[in-house]
Amino acid sequence: MRSILIVSAFVLGLGGTAQAQSAAPAKAPVPTTGATAADEPVPRAERAKARQDCVSENVALTGDDLRAAMRICMQGKFPGVQLYARDGVTRDGKPTAVAARAACKDEIDGRKLQGAERITALTACFNGKRPDLAQRSECRKEARAKGLDGADLRKAVDSCAREAKG
């Protein structure tokens, strides 16, 4: 039964994207509030509403099935807007963390380093490719040293990363 739901959601999702591609390209929705960041293609409130709608449509699914159905549903609601990372690049043009780690691993493997030297080189390489994630990691270490966890940890990391960003 689950596989039938998955296949039908996939087929409907592909049908919706095929129709969206054959129609005139859709523009990103115009922000309705002035509080959106310039780098957000879709306002946060609108994304949240769409996410709730997609969850209610796929309430019977869990795990990877739900994740795949949500991706299809969200892309169907916002055609023409890149909501997710593709081909190892985030929607803002940076390499994904996975892609950056893999590139660093390949680079360091060529040097035949081992032990602490390898770890140091991998860390330096990754920090060079994704300094924003390196900064968040430092912020997280500082917040944990203060004994924070849960929601307080997230708030501290977010504010620290925002301060460092500028």
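Residues numbered from 1 in each chain as written. Predicted model: local features only at pLDDT ≥ 70, side-chain atom pairs only at ≥ 80, totals over all residues. Heavy atoms only, no water.

*Asks:* What should I look at first to understand the pattern of salt bridges in this one?
*Replies:* When charged atoms on two side chains of opposite charge get close, those side chains can pair. One pass over the structure, following the stated rule, counts 10 salt bridges. One salt bridge in this structure joins Arg-67 and Asp-64, with 2.5 Å as the shortest N-O distance. Of this pair, Arg-67 and Asp-64 both sit in helix H3 (residues 63-77), 3 residues apart, which is roughly one turn of the helix. Residue class for Asp-64 comes out exposed when judged on its relative accessible area of 59%. In the salt-bridge network here, residues are joined through shared partners; they are Lys-94, Arg-130 and Asp-132. (Salt bridge = Lys/Arg side-chain N within 4 Å of Asp/Glu carboxyl O. Helix = DSSP H or I, 4+ residues; strand = E, 2+ residues; numbered from the N terminus. Buried < 20%, exposed > 50% of the residue type's maximum accessible area, 1.4 Å probe, protein only.)

*Asks:* Looking at this structure, I do not really get the state of the cysteines. What am I missing?
*Replies:* A covalent bond between the sulfur atoms of two cysteines is what we call a disulfide. Under the counting rule described, the total for this entry stands at 3 disulfides. Two residues share a disulfide in this structure: Cys-104 and Cys-125, whose sulfurs sit 2.2 Å from each other. Residues Cys-104 and Cys-125 share a disulfide whose torsion about the S-S bond is about -85 degrees; that sign makes it left-handed. Of this pair, Cys-104 sits in helix H4 (residues 97-109) while Cys-125 sits in helix H5 (residues 115-129), and the two are 21 residues apart along the sequence. Take Cys-125: its relative accessible area is 12%, and that puts it in the buried class. Disulfide pairing places Cys-139 opposite Cys-160 at an S-S distance of 2.1 Å. Of note, the bridge from Cys-139 to Cys-160 carries an S-S torsion of about -65 degrees and is left-handed in sense. Note that Cys-139 is positioned in helix H6 (residues 131-145) and Cys-160 in helix H7 (residues 151-165), a separation of 21 residues in sequence. For the pair formed by Cys-139 and Cys-160, the shared burial category is buried. Cysteine pairing for the protein (bonded cysteines numbered in sequence order): 1-2, 3-4, 5-6. (Disulfide = S-S within 2.5 Å.)

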